[in-house]
Amino acid sequence: MAMGLTLDNFSDKELWLVAGSQHLYGEEALKEVRSNAGKIAEFIDSEEKVPLAVKYQGVLTTSAEIAALMRQANSAENCAGLIVWMHTFSPARMWIKGLKVLHKPFVHLHTQYKREIPWAEIDMDYMNINQSAHGGREFGYICTRLGLNRKVIVGHWQEEEVLKELGVWSRAALAWHDSQDAEIARFGDNMRRVAVTEGDKVEAEIKLGYAVNGFGLGDLVEYVNQVSPEEVDSQLETYQQDYSLAPELLPAGSNHDSLREEARVELGMRRFLEEGSFKGFTTNFETLHGLKQLPGLAVQRLMASGYGFGAEGDWKTAALVRAMKVMAAGLSGGTSFMEQYTYHLEPGSYQVLGAHMLEVCPTLTAETPAVEIHPLDIGGKADPVRAVFTADTGPAVNASLIDLGDHFRLIVNEVETVSPKKQLKKLPVARMIWKPQPDFKTAITAWILAGGAHHTGYSRALQARHLREFARLADVEYLEITADSQLPELEREIERMS
Ligand code: MN
């Protein structure tokens, strides 16, 4: 099921590249720097590894120019961030006013126009034009002194790893940009008594930008009831194309009406979310007044088209899934809401089964999902329709955002998703099996010590490095459990955390 967000969804978003310099070396030198910076911007813009358009904004040489550009960047709706390059010594006092007002993320690209020293020809003119070794430090000093969050990328601008790092940062900047005007709709409150899915929505809006707003189920039911039978018919054609439908769901089948109901719910929810320009939503199986069944396939399909989702009122995970989907736009491998459900504790082969009651995003599989109907066993409603599949294998990440009362923490674990040892014939939900990195006991011990939730954002498209950049942009406490992690260090790191 290849769906999901693509870069076309963000084709109007851009990064601004600016170079810092000064007048000490004369107009000729500045002319050359302008041309060099333009070439760097043009090159990065054309590189597929950096998914956003890069707009060259010139060489800045005065405090007033810099402050003016920063104010312009703040108010430019499509500017997701800045790439800042010091070709030479740009006395950093001239950056103070601008950096103090800048609200957009920036990366300090510590590069030099010329890649190699021309040993036989190098003279002082060359030195003056290729002097970021000097200028980058001056700029770094003032950023550190101002206590600014920023990414520093070091290396020649044409080098593959530099472009990759820029790409990762660009994706994090895009997700951050997306989060600033995001609104998450909650249908019902939290599932009763659950702690980790709770949190301070006001603080989330202050810290992360997105707004979380609650709606009564009646608001949604009104939209669902407005869906016409003709719209349902055409939606069923889509289902026929996209899935392998269980016989009882087919027009002559005993549960065909449940599939029609699911289509009605999907269309109603979609219209509700579109009209309100929401980017994510939550549901709660305890509060379904007016809905006949818990939305299953409906939620799965909405997630596949780019909405963030959290079950049981989990708005933090809904917003995180949305951010992860934006970061992953156009990359192969899907992204979903996930739950750490059941363990396989066979000695030497510990594994986790990831699933949820219904709501796993079909972007996680290349196969055609089966659409089935089964009882939910909780909630006391009609049997819900859901897409059932086994997720594609390979490296992936799980991420959890928790609220510790006085701050948020993002915890990320790299995992290796593998094939189930045997067929799961009776499991009526989408599922996957993964091995946490570096090993089960290290990862789970650290995850639990750090307070990581059972709900996560799961992605086959992203690596920990994407979420690390996102946490840095958001200035959110971050713990990463990867193939290189060791438990004693993780334990010490968690103890040191605030
Ligand atoms: Mn759950």
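Residues numbered from 1 in each chain as written. Predicted model: local features only at pLDDT ≥ 70, side-chain atom pairs only at ≥ 80, totals over all residues. Heavy atoms only, no water.

With respect to the coordination of the manganese ion
For the manganese ion, the protein coordination sphere consists of Glu312 (OE), Glu339 (OE), His356 (NE2) and His455 (NE2), at 2.1 to 2.3 Å. Read from N- to C-terminus, the donor residues coordinating the manganese ion fall into the pattern E-x26-E-x16-H-x98-H. With histidine 356 in the loop between strand S12 (351-355) and strand S13 (370-373) and histidine 455 in strand S18 (residues 455-459), this pair connects stretches of sequence that are 99 residues apart. Each member of the pair, histidine 356 as well as histidine 455, is classed as buried. (Donors = N, O, S within 2.8 Å, 3.2 Å for Na, K, Ca; no water. Helix = DSSP H or I, 4+ residues; strand = E, 2+ residues; numbered from the N terminus. Buried < 20%, exposed > 50% of the residue type's maximum accessible area, 1.4 Å probe, protein only.)

As for the pairing of strand S7 (residues 211-215)
Pairing between strand S6 (residues 183-187) and S7: five bridges, direction parallel. Residue pairing across strands places alanine 185 opposite asparagine 213, the latter belonging to S7. The β-α-β motif built from S6, the intervening helix H7 (residues 201-208) and the parallel element S7 has right-handed crossover chirality. (Pairing = 2+ DSSP bridges. Right-handed = clockwise from strand over helix to strand, strands pointing away.)

Structural notes on the sheet that holds strand S14 (residues 385-388)
As a general point, the strands of a sheet are linked pairwise by backbone hydrogen bonds and lie either parallel or antiparallel. Spatially, the three strands line up as an open sheet ordered S8-S13-S14, and their pairing is mixed. Edge positions in the sheet fall to strand S8 (244-245) and S14, since each of these pairs with one other strand and no more. In terms of strand pairing, S8 meets S13 through two bridges, oriented parallel. In the sheet register, leucine 245 faces S13, and the bridge partner there is valine 371. Sitting on the sheet, helix H10 (residues 256-275) is in contact with S8, S13 and S14, with an inclination near 85° to S14. Where helix H11 (residues 297-304) meets the sheet, it contacts S13 and S14, and its direction lies at approximately 50° from that of S14. (Contact = heavy atoms within 4.5 Å. Axes fitted to C-alpha atoms, helices over the stretch in contact; angles between N-to-C directions.)

Considering the sheet that holds strand S3 (residues 79-86)
Across the sheet, which stays open at both edges, the five strands sit in the order S2-S1-S3-S4-S5 with parallel pairing between neighbours. Every interior strand has two partners, whereas the edge strands, strand S2 (53-60) and strand S5 (151-154), have only one. For this sheet, the mean angle separating the axes of adjacent strands, direction not counted, is 25°. The sheet contact formed by strand S1 (residues 14-20) and S3 spans seven bridges and is parallel. When the sheet's bridge partners are listed, leucine 17 is paired in S3 with isoleucine 83. Each of S1, S2, S3 and strand S4 (106-110) is contacted by helix H1 (residues 26-46), which is oriented at about 170° to S2, the strand it contacts most.

A closer look at the pairing of S4
For a regular strand, the rule is simple: side chains alternate between the two faces of the sheet. Of all five residues that make up S4, five are buried, and the element is covered over most of its length. Burial along S4 is two-sided: Phe106, His108 and His110 facing one way and Val107 and Leu109 facing the other are all buried. Relative to S4, S3 is paired through three bridges, and the arrangement is parallel. The residue of S4 that forms the bridge with valine 84 is histidine 108. Bridge analysis of S4 against S5 gives four bridges, and the strand direction is parallel. Among the inter-strand pairings, histidine 108 is bridged to a residue of S5, identified as valine 152.

Side note on the packing of helix H12 (residues 315-327) against helix H14 (residues 464-474)
Where H12 meets H14, the closest approach of the two axes is 11 Å, and the angle between their N-to-C directions is 115°. Classified by chirality, the crossing of H14 by H12 is right-handed. Note on element contacts: H14 touches H12 through His466, Leu467 and Phe470, opposite Leu320, Ala323, Met324 and Met327. Of the residues belonging to the contact of H12 with H14, the class tally is six nonpolar, one polar and no charged. (Left-handed = near helix turned anticlockwise from the far one by under 90°. Nonpolar A, V, L, I, M, F, W, Y, C, P; charged D, E, K, R; others polar.)

Points about H7
Put simply, aspartate 200 is the residue that caps the front of H7, since its side-chain oxygen is 3.0 Å from the backbone nitrogen of valine 202. Positive backbone phi, approximately 95°, marks glycine 209, located one or two places after H7. (Polar contact = N/O pair within 3.5 Å; in protein donor to acceptor, adjacent residues only side chain to side chain.)

So, the side chain of histidine 87
Relative to the elements of secondary structure, histidine 87 occurs in the loop between S3 and helix H3 (96-101). Since its relative accessible area comes to 2%, histidine 87 is described here as buried. Engagement of the side chain of histidine 87 in a polar contact is seen with the side chain of serine 21, the distance being 2.8 Å. Other than its neighbours up to four places away in sequence, histidine 87 contacts Gly20, Ser21, Val33, Asn128, Ile129, Asn130, Gln131 and Ser132.

Some remarks on the state of the cysteines
Evaluated as defined, the whole model comprises zero disulfides. Of the cysteine sulfurs around cysteine 143, a residue in no disulfide, the closest is that of cysteine 79, at 16 Å. When its relative accessible area of 0% is taken as the criterion, cysteine 143 is described as buried. (Disulfide = S-S within 2.5 Å.)

Quick look at the packing of aromatic side chains
Under the counting rule described, the total for this entry stands at 19 aromatic pairs. Taken together, the ring pairs in this structure connect Phe187, Phe215, Tyr223, Phe272, Phe278, Phe281, Tyr307, Phe309 and Phe337 into an aromatic cluster. Residue placement shows lysine 316 over the ring face of tryptophan 315; its charged tip is 5.4 Å from the ring centre. (Phe/Tyr/Trp six-rings, centres within 6.5 Å; stacked < 30°, edge-to-face > 60°. Lys NZ or Arg CZ within 6 Å of the ring centre and 35° of its normal.)

Details of unusual backbone geometry
Apart from glycine, the bulk of residues carry a negative phi angle, and the bulk of peptide bonds sit in the trans form. That bond from glutamine 437 to proline 438 is cis: its omega, -5°, falls within 30 degrees of zero. Turning to its location among the elements, proline 438 is positioned in the loop between strand S17 (431-436) and helix H13 (440-450). Its identity as a non-glycine residue notwithstanding, glutamate 312 has a phi of 55°, on the positive side. Residue position: glutamate 312 is located in the loop between strand S10 (308-310) and H12.

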